Amino acid sequence: MRRFITKSLEVLSFVVIGLIVLGAAIGGANTGGFFGFVGGVIGGLVMAIVIFGALFVLMDISDNTRRMADLMEQKD
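All of these numbers come straight from a predicted model, not from anything done at the bench.

**As for the overall build of the protein**
On a plain count of helices and strands, the protein comes out with one helix and zero strands. Against the compact-globule benchmark of 11 Å for 76 residues, the protein has a radius of gyration of 18 Å, which places it well outside the compact range. Across its three principal directions, the C-alpha atoms of the protein cover 65 × 20 × 15 Å. Residues counted as buried form 16% of the 76 residues belonging to the protein. The contacts in the protein between residues at least 6 apart in sequence include a share of 64% that link residues at least 24 apart. Across the protein, the 6 positively charged side chains and the 6 negatively charged ones have centroids separated by 2 Å.

Take a look at the structure:
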């Protein structure tokens, strides 16, 4: 069950990252045409990485801790 929750959180994070980038691109296109669109995509990617970077780091730490515990149990 725990694995399902973490995978669901990961998928939901990717969906929200896509929505952030899409929203920034549309907002940039409305104000600056093509170059605004490109700037919106770049700005949206940077913003999404800043927002969700810590979440992905925490998920990786959790996954590594779980794998280490499994390996330690197998040694016994």
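**Section: the environment of Lys75**
Inspection of the secondary structure assignment puts Lys75 in helix α1 (residues 2-75). Along the backbone, Lys75 and Gly39 are 36 residues apart, and their C-alpha atoms lie at a distance of 52 Å.

**Considerations on the packing of aromatic side chains**
For the structure shown, the criterion picks out two aromatic pairs. Relative to Phe56, the ring of Phe14 has its centre 5.3 Å away and its plane inclined at 35°; by these criteria the two rings are tilted. When the ring of Phe34 is compared with that of Phe35, the centres are 5.7 Å apart and the planes differ by 70°; the resulting orientation is edge-to-face. Across this residue pair, the class does not change: Phe34 and Phe35 are exposed.

**Description of a nonpolar patch on the surface**
A cluster of nonpolar side chains, contributed by Phe34, Phe35, Phe37, Val38, Ile42, Val46 and Val50, occupies part of the molecular surface with about 750 Å² of accessible area. Taking the relative accessible area as the measure of exposure, Phe34 reaches 59% and is therefore exposed.

**Things to note about α1**
Between the first and last C-alpha of α1 there are merely 23 Å, a value that for 74 residues lags more than 12% behind the 110 Å anticipated at 1.5 Å per step. The principal kink in α1, of about 150°, is found at Gly32. All of the buried residues along α1 are Ser13, Ile17, Ile20, Val21, Ala25, Gly28, Gly36, Gly40, Gly44, Ala48, Phe52 and Met59.

Parameters and conventions
Residues numbered from 1 in each chain as written. Predicted model: local features only at pLDDT ≥ 70, side-chain atom pairs only at ≥ 80, totals over all residues. Heavy atoms only, no water. Helix = DSSP H or I, 4+ residues; strand = E, 2+ residues; numbered from the N terminus. Rg over C-alpha atoms; globule rule 2.2 N^0.38 Å. Buried < 20%, exposed > 50% of the residue type's maximum accessible area, 1.4 Å probe, protein only. Contact = heavy atoms within 4.5 Å. Lys, Arg positive; Asp, Glu negative; His and termini not counted. Charge placed at Lys NZ, Arg CZ, Asp CG, Glu CD. Phe/Tyr/Trp six-rings, centres within 6.5 Å; stacked < 30°, edge-to-face > 60°. Patch = residues over 30% accessible without salt bridge, like charges linked within 9 Å, V, L, I, M, F, W, Y side chains within 5 Å. Areas by Shrake-Rupley, 256 points an atom, 1.4 Å probe, with all protein chains shown as cover. Salt bridge = Lys/Arg side-chain N within 4 Å of Asp/Glu carboxyl O. Expected span 1.5 Å × (residues − 1). Bend = angle between axes of the 7 residues up to and from the residue.

In short, shape yes, function no, at least from these values alone.
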